[in-house]
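Residues per chain, in single letters:
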Amino acid sequence: MFIPLHDANSLKYIKVQYVTIGIIVANVAVWLVAGILASQTFSDEAVVGLGYIPAVVFDFAELEPGLVLVPPDATYITYAFIHTDFLHLATNMLFLWVFGDNVEDALGHLRFLIFYLACAAAGAFVHGIVQPASEAPLIGASGAISGVVAAYLLLHPKVRVWVLVFFRIPLPLPAVVPLVLWVAQQFYMLALEPDGNVSWGAHVGGILAGATLVLVLRRRDVPLFDRTITTPVAVRHKEATPDDQTDSSKAPPASPIRWGR
């Protein structure tokens with residue numbers, strides 16, 4: 001539906017989005033090794049061994065011992081770092097680059113990392129609930145990215161974002177417009193094609209996790225919906241009221257006596 005290009009939303013709490021950059025570097029590195037430099041056989045084994053396979057996780061099927069790279073439960077996370085298609089990788093990382101820095105800013109570095117991995121796991125979990133007997137590996141960061149998009153929508157709906165609509169038309173829009181449409185599309189497609197080639201269930205799982213976790217993991221002074229936290233006027237001016245000030249010229253001299261016990 002749209003591709004984000006840029007948002008005019010500066011960082012307020014952190015100087016550099018280290019975790020966002022680290023996740024992007026990790027995804028690109030894995031893609032280079034498993035998708036470009038390695039043989040096709042190695043690439044296929046990485047997809048099967050690190051991808052999330054519901055039938056294996058729920059004990060409906062077993063992988064051949066030679067294909068097991070990590071414990072099945074670990075694939076709730078590892079699948080999110082596997083991409084074999086450049087367009088899939090580039091699209092996910094572009095979403096993360098545009099929206100991830102501000103979510104990391106609102107949560108802090110460590111909590112953002114926890115948030116990202118939890119959204120990835122939630123995406124895999126919902127995918128497994130929708131297709132519990134599927135033997136096809138789920139790969140890609142889309143579940144985690146969906147969580148980031150949902151969090152950004154709750155934090156910064158009024159921020160103007162440049163988007164490429166239908167891959168052709170660049171438009172500056174308030175974030176709420178493209179993001180609400182995008183979120184709605186994921187739920188609609190899940191209802192329409194629950195077992196299609198695209199895991200809409202993973203997207204919806206990430207969205208639900210992201211929208212929930214941002215409420216509890218954000219910094220205490222970070223508001224939702226771009227609201228400005230202001231101190232009531234009466235409170236702001238209380239300290240400036242003459243009656244509340246101590247006039248040093250009228251204050252009695254300090255007693256030279258110090259009382260001891």
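The structure under discussion appears in the preceding block.
All residue numbers here refer to positions counted from 1 along the written sequence of the relevant chain. Since the coordinates come from a predicted model, pLDDT governs what is reported: local features require at least 70, and pairs of side-chain atoms require 80 or more to be given and counted, while whole-chain, interface and lining totals use all residues. No hydrogens and no water enter the side-chain calculation; it runs on all heavy atoms of the structure.

S.K.: Which residues make up the layout of surface pockets, and what values do they have?
M.R.: Gaps left between atoms show up when a probe the size of a water molecule is rolled over them. Roughly 430 Å³ of internal volume is contained in the largest pocket. Using only the protein atoms, space was sampled on a 1 Å grid; points where a 1.4 Å probe fits but cannot get out form cavities, open sets with protein on both sides within 12 Å along at least five of seven lines form pockets, and lining residues are those with an atom within 4 Å of a point. Taken together, 17 residues make up the lining of the largest pocket; nearest its centre are Thr91, Asn92, Phe95, Trp182 and His203. Those elements that provide at least two residues to the lining of the largest pocket are β1 (2–7), α5 (86–107), α7 (142–155), α8 (176–192) and α9 (200–217). Helix and strand definitions here come from DSSP, where helices need a minimum of 4 consecutive H or I residues and strands a minimum of 2 consecutive E residues; each element is numbered from the N-terminal end. Among the elements that make up the lining of the largest pocket, the one with the highest residue count is α5 (five residues). The space that makes up the second largest pocket amounts to roughly 370 Å³. What lines the second largest pocket is a set of 20 residues, and nearest its centre among them are Leu138, Ile139, Asn197, Val198 and Ser199. Looking at the lining of the second largest pocket, the elements that each hand over two or more residues are α7 and α9. Here the residues of the lining of the second largest pocket are counted per class, giving eight nonpolar, 11 polar and one charged. Grid points are joined across faces, edges and corners, and a volume is the space filled by probe spheres set on the points. Under the scheme applied here, ten amino acids are nonpolar (Ala, Val, Leu, Ile, Met, Phe, Trp, Tyr, Cys and Pro), four are charged (Asp, Glu, Lys and Arg), and all others, including Gly, are polar.

S.K.: Residue-level account of the packing of α7 against α8, with values.
M.R.: The angle between two axes is taken between their N-to-C directions and runs from 0 to 180 degrees, where each axis is a line fitted to C-alpha atoms and a helix contributes only its stretch in contact. One can describe the packing of α7 onto α8 by two numbers: an axis separation of 10 Å at closest approach and a directional angle of 135°. Of the possible angle classes, the one that applies to α7 and α8 is oblique. Between α7 and α8 lies a crossing whose hand is left-handed. Two secondary-structure elements touch here, α7 through Ser146, Val149, Tyr152 and Leu153 and α8 through Val176, Leu179, Val180, Trp182 and Val183. Per-class residue counts for the contact of α7 with α8 are eight nonpolar, one polar and no charged. Oblique is the label for any angle not covered by the other classes, which are roughly parallel (under 35 degrees), roughly antiparallel (over 145) and roughly perpendicular (65 to 115). Definitions for this section: a left-handed crossing has its near helix turned counterclockwise from the far helix by less than a right angle. A right-handed crossing has that turn clockwise. Whether two residues touch is decided by their heavy atoms; if any such pair falls within 4.5 Å, the residues are in contact.

S.K.: Can you break down unusual backbone geometry residue by residue, with the values?
M.R.: A positive phi is found at Asp59, a non-glycine position, where the angle reads about 65°. Residue placement: Asp59 occurs in the loop between α3 (54–57) and α4 (75–78). Look at Asp226: it is not a glycine, yet its phi comes out positive at around 60°. Mapped onto the secondary structure, Asp226 falls in the loop between α9 and α10 (233–236).

S.K.: Describe the nonpolar core, and please don't skip the residues or the numbers.
M.R.: The set of buried Ala, Val, Leu, Ile, Met, Phe, Trp, Tyr and Cys residues whose side-chain atoms join them within 4.5 Å is what this entry labels a nonpolar core. Any residue under 20% of the maximum accessible area for its type is buried, any over 50% is exposed, and the rest in between are partly exposed; the area is computed with a 1.4 Å probe on protein chains only. Counting residues in each nonpolar core, the largest one holds 55 residues, and the members touching the most others are Leu96, Phe99, Val103, Phe112 and Phe115. Elements supplying a minimum of two residues to this core: β1, α1 (18–37), α5, α6 (109–130), α7, β2 (160–165), α8 and α9. Among the elements that make up this core, the one with the highest residue count is α7 (10 residues). Aside from chain neighbours lying at most four places away, what touches Phe115 is Val103, Leu107, Gly147, Val148, Ala151, Gly210, Leu213, Val214 and Leu217.

S.K.: Describe in detail the side chain of Gln17, supporting the description with residues and values.
M.R.: Residue placement: Gln17 occurs in the loop between β1 and α1. Excluding anything up to four places from it in sequence, Gln17 contacts Leu11, Trp97, Asp101 and Glu104.

S.K.: Now, about the pairing of β2: what can you tell me, with residues and values included?
M.R.: On β2, burial follows the alternation: Val161, Val163 and Val165 on one face are buried, whereas Arg160, Trp162 and Leu164 on the facing-out side are not. In this description, strands pair whenever DSSP reports at least two bridges between them. Bridge count for β1 against β2 is five bridges, and the pairing is antiparallel. Following the sheet pairing, Asp7 is matched in β2 by Val161. Here six bridges tie β2 to strand β3 (residues 169–174), and the two strands are oriented antiparallel to one another. The residue bridging Leu164 from the neighbouring strand is Pro170, located in β3. Taken together, β2 and the strand that follows it, β3, pair antiparallel across an intervening segment of three residues, in which Phe166 is found at a positive phi of about 55°.

S.K.: Lay out helix α2 (residues 40–50) with the relevant residues and their values.
M.R.: Listed in full, the buried residues belonging to α2 are Ser43, Ala46, Val47 and Gly49. In this structure, the buried residues of α2 make contact with α1 and α4.

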